[in-house]
Amino acid sequence: MTIRARNLDGYAAPTIEWARVEAVLDTQLTQAPGSGGPQRHTAWLTTINPDGSPHVRPVGVITHHGSWYFTSGSATRKSRNLARDRRCVVSIATDQFDLVFEGTAEKITDGDELASVAEAFVQSGWPARVDGDALTAEYSAPSAGPPPWHVYRAQPSAVFAMGTSEPFGATKFRLD
């Protein structure tokens, strides 16, 4: 994969190094109070409604084998939007950066990958298990809809990092 960086900062801050961003992307960003910036991490998923307008909802995101995964019930607006148009944006505030992923989401149906992602969710504290081509558990976020929940892998084509601590900066990374 080729990663191209473009400095977006208008105040002479240096270009943010991809290695710093990648280190944050590879960590588990929990939603526990006091765990992120500001005070906790909430990931926001933006999909495209049939009329072209944006649809924004919070989602739980897990990092696993270098990818970000989230879940959603098949009847939710976000799942219906992704079935029609895979383009999406995932954004999250961390202590070091505000991050925005632009790209697509791929629905995962492979049993081995589902089992591996379910285990990663279990290790993060959510007792998910594979149920056919989706996951189920005793509970999930209200915005996920009723079980079972499909698993999606976010595939970014661009990542924007806006520094929230020294040395600050703003950089766009194209992932080709």
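The protein chain has the name Pyridoxamine 5'-phosphate oxidase family protein in an unreviewed UniProt entry, where Mycobacterium lentiflavum is given as its organism.

Focus: the pairing of strand β2 (residues 43-48)
Only one face of β2 is buried: it carries A43, L45 and T47, and the other face, with W44, T46 and I48, is open. Two strands pair when backbone bridges link them, and β2 and strand β3 (residues 54-59) are joined in this way by six bridges, in the antiparallel orientation. The residue of β3 that forms the bridge with T46 is V56. With antiparallel pairing between neighbouring strands as the criterion, β2 and β3 make up a hairpin whose turn holds five residues, including G52 at a positive phi of roughly 90 degrees. Pairing analysis gives three bridges linking β2 to strand β6 (residues 87-93), with the strands arranged antiparallel. From the neighbouring strand, L45 faces β6, where its bridge partner is V90.

A word on the nonpolar core
Counting 25 residues, the largest nonpolar core has V21, W68, F70, V90, L99 and F173 as the members making the most contacts within it. Elements with a minimum of two residues in this core: α1 (18-25), β2, β5 (67-73), β6, β7 (97-108), β10 (149-163) and β11 (170-175). Among all residues touching V90, those that are not within four sequence positions of it are A43, W44, L45, V61, W68, L99, V100, F101 and A154. Y69, F121, L135 and W149 belong to the second largest nonpolar core, which has 15 residues in total.

A word on the pairing of strand β4 (residues 61-64)
Across the two faces of β4 the burial is the same, with V61 and T63 and I62 and H64 all buried. Where β4 meets β5, four bridges bridge the pair, whose relative direction is antiparallel. Considered in β5, the bridge of H64 is made with S67. Hairpin connection of β4 to β5: two residues between the antiparallel strands, including H65 at a positive phi of 50 degrees.

As for the confidence of the model for the protein chain
On average, residues of the protein chain carry a pLDDT of 89, and 92% of them reach 70 or more. Ranking the elements of the protein chain by mean pLDDT puts α1 last with 87 and helix α2 (residues 77-84) first with 97.

Quick notes on the packing of aromatic side chains
Per the counting criterion, the structure on display carries five aromatic pairs. For the ring pair W126 and W149, a centre distance of 5.6 Å and an interplane angle of 55 degrees mean the geometry is tilted. Of this pair, W126 sits in the loop between α3 (111-123) and β8 (129-131) while W149 is found in strand β10, placing the two residues 23 residues apart along the sequence. For the pair W126 and W149, a shared accessibility class is recorded, and that class is buried. Among the aromatic residues, those joined into a ring-pair cluster are F121, W126 and W149.

A look at α2
Three or four residues apart is the spacing at which side chains of an α-helix point the same way, because the helix has 3.6 residues per turn. Within the span of α2, buried status applies to K78, S79, N81 and L82. Angular distribution of buried residues about the axis of α2 spans 160 degrees; they occupy a single face of the element.

As for the environment of G163
Looking at the secondary structure, you find G163 in strand β10. We classify G163 as buried; its relative accessible area is 17%. Through-space distance from the C-alpha of G163 to that of S116 is 32 Å; in sequence the pair is 47 residues apart. Ignoring any residue separated from it by four or fewer positions in sequence, one finds G163 in contact with I16, Q96, F97, F168 and G169.

Quick notes on unusual backbone geometry
The omega torsion of the bond from P147 to P148 falls at 0 degrees, within 30 degrees of zero and hence cis. In this structure, P148 sits in the loop between β9 (134-136) and β10. Look at the link from E166 to P167: it is a cis peptide, with omega at 10 degrees. Here P167 shows up in the loop between β10 and β11. In this structure, A12 takes a positive phi of about 70 degrees despite not being glycine. A relative accessible area of 76% means that A12 is categorised as exposed. Phi is positive for H65, close to 50 degrees, though the residue is something other than glycine. Among the structural elements, H65 can be located in the loop between β4 and β5. Classification of H65 by relative accessible area gives exposed; the value is 69%.

Reading the values: the criteria
Starting from 1, residues in each chain are numbered consecutively following that chain's sequence as written. Per-residue local features of the predicted model are confined to residues with pLDDT of at least 70, and side-chain atom pairs are confined, for both listing and counting, to 80 or more; whole-chain, interface and lining totals are unaffected and use all residues. Where side-chain values are given, they derive from all heavy atoms of the structure, hydrogens and water being excluded. For each residue, the accessible area found with a 1.4 Å probe, counting protein chains only, is set against the maximum for its type, and the residue is called buried under 20%, exposed over 50%, and partly exposed in between. For helices the rule is a DSSP run of H or I covering at least 4 residues; for strands it is a run of E covering at least 2, with both sets numbered from the N terminus onward. Paired strands, as defined in this entry, are two strands with at least two bridges between them according to DSSP. In this description, a nonpolar core means a group of buried Ala, Val, Leu, Ile, Met, Phe, Trp, Tyr and Cys residues linked to one another through side-chain atoms lying within 4.5 Å. By definition in these notes, contact holds between two residues if any of their heavy atoms fall within 4.5 Å. Scored between 0 and 100, pLDDT is the confidence that the predictor attaches to each residue. Put simply, two rings from Phe, Tyr or Trp (the six-membered ring, in Trp's case) pair if the centres are within 6.5 Å, and we call them stacked under 30 degrees between planes, edge-to-face over 60, tilted for the rest. In this context, the arc is that of the directions from the helix axis out to the C-beta atoms.

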